[in-house]
Amino acid sequence: MDSDQIRRTFLDYFVQRGHRLIPSASLVPHGDPTLLFTSAGMVPFKPYFMGLADPPAPRLTSIQKCFRTSDVDAVGDASHLTFFEMLGNFSVGDYFKSEAVGFAWELCTKVVGFPADRFWATVYTEDDEAFELWRRQGVPASRILRYGEAEGNFWTMGETGPCGPCSELHYDFGPQPGCPQCARDACHPAVECGRFLELWNLVFMTYYQAEDGSRTPLPKKNIDTGAGLERWAVVLQGKETVYETDLFAPVIAEVERQTGRRYQEDEATTRAIRVVAEHARAAAFLIADGVMPSNEGRGYVLRRVLRRAVYFLSRLHHGHGAGSMLERIAAAVIDVMGAAYPDLADRGGFVLRVLAHEEEKFAQTLERGAELLDQMVEEERAGGSDLLPGDRVFLLHDTFGLPRELTAELARERGLRIDDAGFEREMAAQRERARAATKFEFEEERLRAYRELAHIRTRFLGYERLTAETTVAGLIGPSGVADSAEAGEDVELVLLETPFYAEGGGQVGDTGWIASPTGRVRIQDTQAAAEGLVVHRGRVEEGWIAVNDVVTASVDGEKRLATMRNHTATHLLHAALRRVLGTHVRQAGSLVAPDRLRFDFTHIGGVKAEELREVQRLVNEKIRQDVEVGWRYAPYQQAVEEGAMALFGEKYGDEVRVVEVCEPEADACFSRELCGGTHCLRTGQIGLFLIVSEGSIGSGLRRIEALTGAAAEEYVVAQAHTLRSLADRLSVPVDEVERRVASLLEEVESQRRRIQALEREVGRREVESLVASAERLDGAAVLAARVAATSFEAMREMGDLLRDRLKSAVVVLAAAFGDRPNFLAMVTPDLTGRVHAGDLVKQVAAVTGGGGGGRPDMAQAGGKDISRLDEALGLARTLARERLSSPKQD
Ligand code: SER
């Protein structure tokens, strides 16, 4: 099974068993300051397990992108990854142990076809029930082990969070050579000799762990399972490590291509190639999810991973090639993963730019940092110490961007340890300085302020009005809860009542002004900071504002009305999709902003152009009918029985708000949804609805982006204008533009083919004259020459032709890419015993201040000083002659 088949098989199995398919959330957890990254499939569902929000369905399934920082330094071995995909099924108070075990066993052994007799199960020490359940599936009692917390059979999220005993399925590859336990037939999954691979973890999530370590029961008994896609791929594709599976093989090949080295050439090379591939993949995903390299928090983790990749690249390939290697490796990652994660593909251009930039910056600092480190090492040694002090490590980190872990590695190679505690002290001092400078940025302080104000309940007036006279009930200033704030300061205001809508249900928070007799605050966003606590975020622009001030709160009406058009249009779109594509269509997420709307929905397969047109036509028809948009409150149960759609991510109380668009005379409603958002009074206010894009965002999930009102009008006008000027430039009427462009493209293509043929001819002629100029030594040809190529690819092509023509030869080609010299060495197999292409090219490139290396038969290198290129070629000739005349070694 290829990895995409594994993804599909897993999701299909659980969807068929009543699970709602939930798209992967971002690697950056939304609204959870206790977590740096999404590290497991259950992370986005934490509020459901804790009883803080109702899940969209009691049974859920997902493939979640995960990132774990704990293993960064272990990457490079056979199994540790920072980024991985977790397959999972979840029950929020629905089924429990027996179904979870039954599903896992059936899927593994009957559907996917793992051989049943390869499985071992583990259960939590006292979990007799789980033991019995595996036994009933046919797992022999001798292969069901009882493990305690120390062996990891009690799963916790971290310090705090939902947790519970767990049960794991392990795959047995058979006894391993060199393992004493295997030899004694006493091996088991906790031994870690490589014999066992954990394929699935089933967590019986029953407790909440508080900061003090105490555990209290959760409101319901839940199931949280996680299976590593990469591990399944290893077993199902019969590979030894994940790097040989289809998830990584093309990336590894690209690293080989870029560095001229071979995977499994030797242990150190294999490890370095793996690190580069793994980190390039993880970094691409992090950047696509909005993380940017920096010196703190998430950004630092990304920077660390990136810099490790660049460092290992520099070990694999000395000297500079043309452009960014990391960029091309990440492009291979996007090729492999882009179909499953279209967001990654969409943001590919941006991701690659960030990577190239960071690589370039770091390659420069790495050189200077390493020099400085050498100096420091010398100084310490001279002083008789084998410890690099913390302030030195910090200097390298802070000024030269050398991550601590990398400094440790480099220092170790030079025989020194680093002072970790001293470094931590320096870091803490720096954090304190940063904190004093940017106070308000600090999440913890903010959370403390919200807790202090949590008793305030703001009444929402925004369904009926856009302005209100009210009173400031609480204020958070730059350093926490305060009485007042003045011009230039960032504030969060809490009001007794508000017309401002707080972000929720996909609709963005309102913007506008809050004015008191003494000052004015521009509000840039409105958020529900905690249950019922609405904060208006903005900056005091004039005078000052204080608690108990009577203020006028005015929402930016134009933006809000535009948002309302998009929200009502979203409901019409949802209803129209269900009519055209079928009632399996479900909202999976949405964004309702003033300038656009985005709607994600479940649907297997593509959407045809005519289906999309029909959806758009239906929505616009409803707009023209100018139907009233009604809303009322109803008991949750009643609303759902009436067919109101309940949406993903929404939290519903007993009383819910129902928004409906019903034809006045017909009984049936076109749209009926549970929704707390703000809407047009009549559909006619939407004006015009235009779909601007539609596409896949993951298996079974699609996304539509659309415009309404003035934005739709502007779009049409701009498109018409473009078309008009295109027609003018092509000197044809608008309706002939398409035909004219098609014929131009044909012309371009035939020109391109002609140029290619010409170039090839020129290359062949150059090769001919090179062949003629080759020197003959004892039947072997020696050729060292400068050629006109502008890429390694073109050089390799010439090298191939030369090899074919010369049969037995040592060839060194040099070419300038821009102002940098580059070299390619090629040795025919009969001569590699005497001349090693990698060694040869390394010495030759060194003349121009560069380096490189590679295989015995083919290698490439880059240099710096173009003025010494001829000298380098001279050396190539001398070396080749010398070695060819030395006796053959076998
Ligand atoms: N949360 C558990 C894990 O991460 C199972 O999904 O292993």
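Per chain, residues are indexed from 1 in the order of the written sequence. Selection of residues for local features in this predicted model requires a pLDDT of at least 70, selection of side-chain atom pairs for listing and counting requires 80 or more, and totals for whole chains, interfaces and linings are taken over all residues. In computing side-chain properties, one takes all heavy atoms of the structure into account and sets aside hydrogens as well as water.

## Notes on the layout of surface pockets
Part 1: What the second largest pocket holds in volume is close to 1,400 Å³.
Part 2: Residues are said to line a cavity or pocket when one of their atoms sits within 4 Å of a point; the points come from a 1 Å grid over protein atoms alone, cavities being sets where a 1.4 Å probe fits but cannot get out and pockets being open sets with protein on both sides within 12 Å along at least five of seven lines. S79, H80, L197, E198 and R231 are the residues nearest the centre of the second largest pocket, which is lined by 43 residues in total.
Part 3: Each helix is a run of DSSP H or I of at least 4 residues and each strand a run of E of at least 2, with the numbering of both proceeding from the N terminus. When residues of the lining of the second largest pocket are traced back to their parent elements, those giving at least two are β3 (83–92), β7 (161–172), β8 (196–209), β9 (215–228) and α6 (229–236).
Part 4: With 7 residues, the single largest contributor to the lining of the second largest pocket is β8.
Part 5: Any residue outside Ala, Val, Leu, Ile, Met, Phe, Trp, Tyr, Cys, Pro, Asp, Glu, Lys and Arg is labelled polar, Gly included; the first ten of those are nonpolar and the last four are charged. Within the lining of the second largest pocket, the residues separate by chemical class into 20 nonpolar, 12 polar and 11 charged. Grid points are joined across faces, edges and corners, and a volume is the space filled by probe spheres set on the points.

## A look at the site of the ligand
Part 1: Around the ligand, the structure places A40, M42, R68, M86, W155, N201, V203, D224, T225 and G226.
Part 2: The term polar contact refers here to a pair of N or O atoms within 3.5 Å; inside protein, the definition further demands a hydrogen-donor-capable atom paired with an acceptor-capable atom, and it admits residues adjacent in sequence only when both atoms are side-chain atoms. N201 is positioned such that a nitrogen or oxygen atom in its side chain is 3.1 Å from an oxygen atom of the ligand.
Part 3: Between the ligand and D224 there is a distance of 2.7 Å, counted from a nitrogen atom to a side-chain nitrogen or oxygen.
Part 4: Note on areas: Shrake-Rupley, 1.4 Å probe, and residue coverage restricted to the protein chains presented here. In the complex, 94% of the free accessible area of the ligand, which totals 230 Å², lies under the protein chains.
Part 5: More than half of a molecule's atoms within 2 Å of the grid points is what it takes for that molecule to sit in a cavity or pocket. When atom positions are compared with the pocket grids, the ligand is found to occupy the second largest pocket. By convention in these notes, a residue is near a molecule or strand provided one of its non-hydrogen atoms lies within 4 Å of it.

## So, the side chain of E380
Part 1: The topology assignment puts E380 in helix α12 (residues 348–382).
Part 2: Setting aside residues up to four positions removed in sequence, E380 forms contacts with S385, L387, L388, P389 and L416. By the convention used here, residues are in contact when the closest approach between their heavy atoms is within 4.5 Å.

## A closer look at the sheet that holds strand β26 (residues 669–674)
Part 1: Strands qualify as paired when DSSP identifies two bridges or more between them. As summarised here, the arrangement of the 3 strands in space is β24-β25-β26, forming an open sheet in which the pairing is antiparallel. Pairing within the sheet leaves two strands with one partner each, and these edge strands are β24 (629–635) and β26. When strand polarity is set aside, the average angle formed by the axes of neighbouring strands in this sheet is 25°.
Part 2: Bridging between strand β25 (residues 655–662) and β26 involves 5 bridges; their strand directions are antiparallel. Residue pairing in the sheet places V658 in a bridge with L674 of β26.
Part 3: Across the sheet, helix α17 (residues 557–581) lies against β24, β25 and β26, angled at about 120° from β26, the strand it touches most. Geometry is summarised by axes, namely lines fitted to C-alpha atoms with helices restricted to the contacting stretch, and by angles between N-to-C directions that run from 0 to 180 degrees.

## Re the pairing of β9
Part 1: As paired strands, β3 and β9 are joined by 5 bridges and run antiparallel to one another. Bridge pairing in β9 links M86 to G228.
Part 2: Both β8 and β9 contribute to a ladder of 8 bridges, which runs antiparallel. Of the residues in β9, the one forming a bridge with V203 is D224.
Part 3: Counting the residues that bridge the hairpin from β8 to β9 gives 5 residues, and of these G213 lies at a positive phi of roughly 90°.

## Structural notes on the confidence of the model for the chain
Low-confidence regions, as indicated by low pLDDT, have predicted coordinates that should not be scrutinised in detail.
Part 1: For the chain, the mean per-residue pLDDT works out to 89, and 95% of the residues sit at or above 70.
Part 2: Taking the mean pLDDT of every element in the chain, the minimum, 74, falls on helix α15 (residues 420–438) and the maximum, 98, on β3.
Part 3: Low confidence marks residues 437–442, where pLDDT is under 50. Its contacts with residues over four positions away, or in another chain, come to 10 contacts. What pLDDT reports is the predictor's confidence in each residue, on a scale of 0 through 100.

## As for the state of the cysteines
Part 1: Disulfide: a pair of cysteine sulfur atoms within 2.5 Å of each other. Evaluation of the coordinates by the stated rule reveals 1 disulfide.
Part 2: The thiol of C675 is unpaired, and the distance to the nearest cysteine sulfur, on C680, comes to 12 Å.
Part 3: Only protein chains enter the accessibility calculation, which uses a 1.4 Å probe. A residue is then buried if its area is under 20% of the maximum for its type, exposed if over 50%, and partly exposed in between. Overall, the relative accessible area of 9% leaves C675 in the buried class.

## Digging into the nonpolar core
Part 1: One finds W134, W200 and W232 to be the most contacted residues of the largest nonpolar core, which totals 137 residues.
Part 2: For this core, the element with the most residues is helix α8 (residues 267–288), which contributes 13 residues.
Part 3: Dropping the residues within four chain positions of it, W232 is found in contact with I6, F10, L87, L107, C108, V112, F114, L199, W200 and A227.
Part 4: Definition of nonpolar core: a set of buried residues of the types Ala, Val, Leu, Ile, Met, Phe, Trp, Tyr and Cys, connected through side-chain atoms within 4.5 Å. Among the nonpolar cores identified, the runner-up in size contains 30 residues, and M564, V607, V659 and C675 belong to it.

## Considering the pattern of salt bridges
Part 1: A pairing counts as a salt bridge when a side-chain nitrogen of Lys or Arg comes within 4 Å of a carboxyl oxygen of Asp or Glu. Applying the stated rule across the entire model yields 49 salt bridges.
Part 2: Close ionic contact of E660 with R672 constitutes a salt bridge, the shortest N to O distance being 2.6 Å. Residue E660 is found in strand β25, and its partner R672 is found in strand β26; the two are separated by 12 residues along the sequence.
Part 3: Here R881 and E775 are joined by a salt bridge, their closest N and O atoms 2.7 Å apart. Here R881, found in helix α24 (residues 869–885), pairs with E775, found in strand β29 (residues 775–777); they are 106 residues apart in sequence, far enough to count as distant.
Part 4: Looking at R881, the relative accessible area reads 33%, which means it is partly exposed.
Part 5: We classify E775 as partly exposed; its relative accessible area is 25%.
Part 6: Because the salt bridges share partners, they merge into one network encompassing D4, R7, R8 and E85.

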